[in-house]
Amino acid sequence: MTMTNWSKRTKAVHAGTRRSQYGEVSEAIYMTQGFVYETAEDAEARFVALGDDEFIYARYGNPTVAMFEERIAALEGAEDAFATASGMAAVNGVLSALLSAGDHVVSAKALFGSCLYILEEILTRYGVEVTFVDGTDLSAWEAALRPNTKAVFFESVSNPTLEVVDIAAVSKLAHAVGAKVIIDNVFATPVFSNAIEQGADAVVYSATKHIDGQGRALGGVILGTKEFIRGTVEPYMKHTGGSISPFTAWLMLKGLETIDLRVRAQADSALKIATALEADGKLPNVIYPGLTSHAQFDLAQAQMGSGSTVLSIDVGSKDAAFALLNKLEIFTISNNLGDAKSIATHPYTTTHQRLEEETKADLGITPGLIRLSIGLEGADDLLADLRAAIG
Ligand SMILES: *Cc1c(COP(=O)(O)O)cnc(C)c1O
């Protein structure tokens, strides 16, 4: 099939499909750890060089996993992908595969808690130096970059304060010193992402979020050039055990078929809800990159063409936040995002609890902040639920 001219919608449904001799319509789950060889010579040949549609062991690759990898790579506009057991296996994998002692990394400081742990606590134990900057401040990126900077790392939209980092501008600065640009792109989603085109060398997703989109399984993926994925990422991943299960890869593969419809519907609802809550004027702060009041509205539009599926509100205090959360009837209190079910999270006491008081304040994670992941319910029902809880 000639895939290159297909839209994201078409790629999300058809890219990467491999049919068995039975001609199944829905992709098969090859729930096998290994593969048999006709002869000893065949086994030897396959270990010397793997052909295009050949497999050895599920930690190295599997036909169902390959379908997921090819489909998400097509959707993202990347040459290749390696699927992982979770989003964190992807973040750890891409950084550990690339970095060595003596290397320097510049990272945005507003990060998912576990990403911060890898950069702050793990990589530094192996002699990698990490400098944290305000991701929205281009002069801070420029000042932190050095000749030995091997990589820059950031979330293109930060969690939970929804700051947007300028992918094209940071990539230009990073490439000038020869550093690779690695982006955790969860909040942007593969639907709104143009990260590779805008300059990213590698893009990482937690597939647990919008790719599954139905809260069923952990998964992740690393995307990049064929050379980077097969030459740098795969050798690390296949020997260290963070590969995805074929069953999970199948869930994610099927998740991709509907991701465009789901994420666009979720983002439409998020914009509607954010706009209405801001107009109500009852909250100290409504944060959504799709609102013209957002400090980086223009950048969000240019980079993603949307504010995506998550908004954050500040209700002033922890007591007010807890009172609101406990009144919600449709939103569930949990810590996933990108799910069909709308989810409300209190980062200050859950996902970011571990951080020092000063760090929380610096990152804007206030006691009154609530992160709202907008799901697939009716937007009017969600708005009514929030308005009733706000009072
Ligand atoms: C959830 C998340 C991760 C980690 O993904 P898991 O699948 O939970 O391991 C990493 N980065 C961001 C931005 C996330 O939201």
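If you're wondering where the values come from, they're calculated on a predicted model, not measured in any experiment.

What counts, and at which threshold
- Residues numbered from 1 in each chain as written.
- Predicted model: local features only at pLDDT ≥ 70, side-chain atom pairs only at ≥ 80, totals over all residues.
- Heavy atoms only, no water.
- Near = heavy atom within 4 Å.
- Polar contact = N/O pair within 3.5 Å; in protein donor to acceptor, adjacent residues only side chain to side chain.
- Areas by Shrake-Rupley, 256 points an atom, 1.4 Å probe, with all protein chains shown as cover.
- Nonpolar A, V, L, I, M, F, W, Y, C, P; charged D, E, K, R; others polar.
- Phe/Tyr/Trp six-rings, centres within 6.5 Å; stacked < 30°, edge-to-face > 60°.
- Helix = DSSP H or I, 4+ residues; strand = E, 2+ residues; numbered from the N terminus.
- Buried < 20%, exposed > 50% of the residue type's maximum accessible area, 1.4 Å probe, protein only.
- Lys NZ or Arg CZ within 6 Å of the ring centre and 35° of its normal.
- Salt bridge = Lys/Arg side-chain N within 4 Å of Asp/Glu carboxyl O.
- Expected span 1.5 Å × (residues − 1).
- Bend = angle between axes of the 7 residues up to and from the residue.
- Domains from an automatic or database assignment.
- Contact = heavy atoms within 4.5 Å.

As a further point, take the site of the ligand. Around the ligand sit 14 residues in total, of which Gly87, Asp184, Ser206, Thr208 and Lys209 are the nearest. Side-chain polar atom of Ser206 to an oxygen atom of the ligand: 2.8 Å apart, as the coordinates give it. Here Thr208 contributes a side-chain N or O atom positioned 2.6 Å from an oxygen atom of the ligand. A total of 380 Å² of accessible area belongs to the ligand in isolation, and the protein chains cover 92% of it. Looking at side-chain class alone, the shell around the ligand contains 6 nonpolar, 5 polar and 3 charged residues.

The next thing to look at is the packing of aromatic side chains. Per the stated rule, a full pass over the model turns up 5 aromatic pairs. With a centroid separation of 5.6 Å and an interplanar angle of 70 degrees, the aromatic rings of Trp141 and Phe154 are classed as edge-to-face. Taken together, the residues span a long stretch of sequence, with Trp141 in helix H6 (residues 138-144) and Phe154 in strand E4 (residues 149-155) at a distance of 13 residues. We classify Trp141 as buried; its relative accessible area is 0%. A cation over a ring is seen here: Lys360 above Tyr348, with NZ or CZ 4.1 Å from the ring centre.

Glancing now at unusual backbone geometry. The phi angle of most residues is negative, glycine excepted, and most peptide bonds adopt the trans form. The residue after Asn159, namely Pro160, is reached through a cis peptide bond having omega 0 degrees. Mapped onto the secondary structure, Pro160 falls in the loop between E4 and helix H7 (167-176). The backbone of Leu162 sits at a positive phi, close to 60 degrees, despite the residue not being glycine. By the secondary structure assignment, Leu162 is in the loop between E4 and H7. One non-glycine residue, Thr189, lies in positive phi territory at about 65 degrees. For Thr189, the position within the fold is in helix H8 (residues 189-192).

Opposite charge on two side chains permits pairing when their charged atoms draw close. Scanning all chains against the criterion turns up 18 salt bridges. Arg71 is the partner of Glu27 in a salt bridge, and the nearest nitrogen-oxygen pair spans 2.8 Å. Taken as a pair, Glu27 in the loop between helix H1 (8-14) and helix H2 (40-48) and Arg71 in helix H3 (residues 63-76) lie far apart in primary sequence, 44 residues in all. Classification of Glu27 as buried rests on a relative accessible area of 7%. By relative accessible area, Arg71 is classed as buried at 0%.

Here we take up helix H11 (residues 246-280). Compared with the 51 Å implied by 1.5 Å per residue over 35 residues, the 47 Å span of H11 between its first and last C-alpha is a close match. The largest bend in H11 comes to about 55 degrees, at Thr258. The N-capping residue of H11, defined by a side-chain oxygen 3.1 Å from the backbone nitrogen of Phe247, is Ser245. Directly beyond the C-terminal end of H11, a positive phi value near 70 degrees is found at Gly281.

We note that the domain assignment places domain 1 (3-255) and domain 2 (259-390) within the chain. For domain 1 versus domain 2, the distance between C-alpha centres works out to 27 Å. On the side of domain 2, 38 residues touch domain 1, which itself brings 39 residues to the contact. For the pair domain 1 and domain 2, the number of links is 1 salt bridge. Among the salt bridges present, the one from Asp362 reaches Lys109, with a minimum N-O distance of 3.1 Å. Our count for the domain 1 to domain 2 interface comes out at 17 residue pairs in polar contact (both at pLDDT 80 or more). For the side of domain 1 that touches domain 2, the leading source of residues is H8, giving 4 residues. Here the residues of the side of domain 1 that touches domain 2 sort into 18 nonpolar, 14 polar and 7 charged.

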